[in-house]
Amino acid sequence: MGMEAQRPGNSEPNVRLHPKPDETTQASSTTQEASSIVAASEHMGSFDPRKTLNPAADVKIDVTNADFFYGKKQALYKVSLPLRTRQVTALIGPSGCGKSTFLRTLNRMNDLIPNTRVEGQALFDGQNIYEKNVDVVLLRQRIGMVFQRPNPFPKSIFENVAYGLRIQGKSQSLIKEMVEKSLHGAALWEEVKDRLNTSALGLSGGQQQRLCIARALAVQPEVLLMDEPCSALDPIATLKIEELITQLVKEYTIVIVTHNMQQAARVSHFTGFFLSGKLIEIAPTTNIFERPKQKETEDYISGRFG
Ligand SMILES: Nc1ncnc2c1ncn2[C@@H]1O[C@H](COP(=O)(O)OP(=O)(O)OP(=O)(O)O)[C@@H](O)[C@H]1O
Ligand SMILES: [Mg+2]
């Protein structure tokens, strides 16, 4: 499954976060509704992604002209976007627009689906992720993934987190250390430290999802891909995952697919809007919700379709 790791990330946005009064009067009706989405983020705990937005952060994965095909059916068209280091990039758009497909190109999970093909480039440390000769096992350690439904293995809590490390042949003492560290990293340690040898399937849905995050973290990834990680969770468990994302981004580059625009506003620095397999627009999240440049983006965030 997935995993992650890092790079330098500065702070302080270089962009204005709110329109000037004269811009407000020119703004379309979209911005009022969308502003309430951004305003919602202001009541969400102490984290405010606008304060740590870094439009100049290094690009961790630079995607250029990604095309993707399921057999003859094309699902992505010339998608180009930078995924910036130690920033959260949210991907939004209506069902079927290609968000998951795109996310899965980044760690080659689509390879598991027969008759699929990707073209274009996704440069990760100078190497094109889409090249045939990429070592996908190593790639998936460096670029971890968390899925919509928590998918712990039917093993103990400890062994779930230890899984990737055992495959790597790490020593028992290192495994023990990394399991504890990863469970701390996934904000789960306190809840499970007394039951590490019990089945992971006995955990709540939210705990299982954090366990899957711990499992990804254990192999020290650099990037974490999350495909609607909260869609199967209740609001409290969702909040915990969102808080966790805001902690993890200090070390990891995160890409999250979400249907929940409030969630995108609460956790992400950048938002990309997909429609019919195309990336319509990507920008700092506040810009997408308050001043979208494209009419399609405006229509979507104001609830006119999707
Ligand atoms: N395994 C597959 N085989 C064939 N077509 C597929 C497959 N998976 C997805 N597709 C198609 O590719 C397109 C993009 O699907 P994808 O799952 O990436 O969309 P999505 O934006 O993640 O949607 P959702 O929000 O519903 O999860 C859709 O038309 C979908 O039907
Ligand atoms: Mg999807």
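Before reading on, note that the structure itself is shown above.
Draft legend 1. Structural context of the overall build of the protein chain. Of regular secondary structure, the protein chain possesses 13 helices and 10 strands. Counting across all 306 residues of the protein chain, residues that qualify as buried make up 49%.

Draft legend 2. Geometry of unusual backbone geometry. A positive phi angle, close to 55°, is found at Ala187, a residue other than glycine. Within the fold, Ala187 resides in the loop between α7 (172-185) and α8 (189-192). We note that Gln220 has phi near 55°; this positive angle belongs to a residue other than glycine. With respect to the helices, strands and loops of the structure, Gln220 is situated in the loop between α9 (205-218) and β7 (223-227).

Draft legend 3. Representation of the sheet that holds strand β9 (residues 270-275) within the structure. Strand order in the open sheet formed by 6 strands is β6-β7-β8-β3-β9-β10, and the pairing between neighbours is mixed. Only two strands of the sheet have a single neighbouring strand rather than two, namely β6 (143-146) and β10 (278-284). Across the sheet, the mean angle from the axis of one strand to that of its neighbour is 20°, orientation sign disregarded. Bridge count between strand β3 (residues 88-92) and β9: 4 bridges; the pairing is parallel. Within the sheet, the bridge partner assigned to Thr89 lies in β9 and is Phe270. Each of β6 and β7 touches α9; the most contacted strand, β6, lies at about 170° to it.

Draft legend 4. Region of interest: the packing of α7 against α9. Running from amino to carboxyl end, α7 crosses α9 at an angle of 130°, the nearest separation of the two axes being 8 Å. With respect to α9, the axis of α7 lies oblique. For the element pair α7 and α9, the recorded crossing hand is right-handed. When α7 is examined against α9, the residues Met178, Val179, Ser182, Leu183 and Gly185 are found in contact with a partner set consisting of Ala214, Leu217 and Ala218.

Draft legend 5. Spatial organisation of α7. The end-to-end C-alpha distance of α7 is 20 Å, a good match for the 20 Å that 14 residues give at a rise of 1.5 Å each. Every buried residue belonging to α7 is among Ile175, Met178, Val179, Ser182, Leu183 and Gly185, and all of these are buried. When α7 is viewed along its axis, its buried side chains cluster within an angular range of 150° and face the same direction. Looking at the buried side of α7, the elements it contacts are α6 (157-167), α8 and α9. One or two positions beyond α7, positive phi appears at Ala187, with a value near 55°.

Draft legend 6. Layout of the pairing of strand β1 (residues 59-70). Where β1 lies against strand β2 (residues 73-84), 8 bridges are found, and the strand directions are antiparallel. When the bridges of β2 are listed, Phe68 appears paired with Leu76. Counted between consecutive antiparallel strands, the loop separating β1 from β2 contains 2 residues, among which Gly71 sits at a positive phi close to 60°.

Draft legend 7. Here's a closer look at the pairing of β7. Along β7, 5 of the 5 residues are buried, which leaves the element largely enclosed by surrounding structure. Burial along β7 is two-sided: the face carrying Val223, Leu225 and Asp227 and the face carrying Leu224 and Met226 are both buried. Where β6 meets β7, 4 bridges bridge the pair, whose relative direction is parallel. Paired with Val146 across the bridge in β7 is Met226. In the sheet, β7 pairs with strand β8 (residues 253-257) via 5 bridges, with the strands oriented parallel.

Draft legend 8. Seen up close, the site of ligand 1. The environment of ligand 1 is formed by Tyr70, Lys73, Ala75, Gly93, Ser95, Gly96, Cys97, Gly98, Lys99, Ser100, Thr101 and Ile113. Of all the elements in the fold, those that place two or more residues in the shell around ligand 1 are β2 and α4 (99-106). Sorting elements by how many residues they give to the shell around ligand 1 places α4 first, with 3 residues. The class makeup of the residues in the shell around ligand 1 is 4 nonpolar, 6 polar and 2 charged.

What counts, and at which threshold
Residues numbered from 1 in each chain as written. Chains lettered and ligands numbered in written order. Predicted model: local features only at pLDDT ≥ 70, side-chain atom pairs only at ≥ 80, totals over all residues. Helix = DSSP H or I, 4+ residues; strand = E, 2+ residues; numbered from the N terminus. Buried ≥ 20, exposed ≤ 12 C-beta atoms within 10 Å, placed from the backbone. Pairing = 2+ DSSP bridges. Axes fitted to C-alpha atoms, helices over the stretch in contact; angles between N-to-C directions. Contact = placed C-beta atoms within 7 Å. Parallel < 35°, antiparallel > 145°, perpendicular 65-115°, else oblique. Left-handed = near helix turned anticlockwise from the far one by under 90°. Expected span 1.5 Å × (residues − 1). Arc of directions from axis to C-beta. Near = placed C-beta within 6 Å. Nonpolar A, V, L, I, M, F, W, Y, C, P; charged D, E, K, R; others polar.

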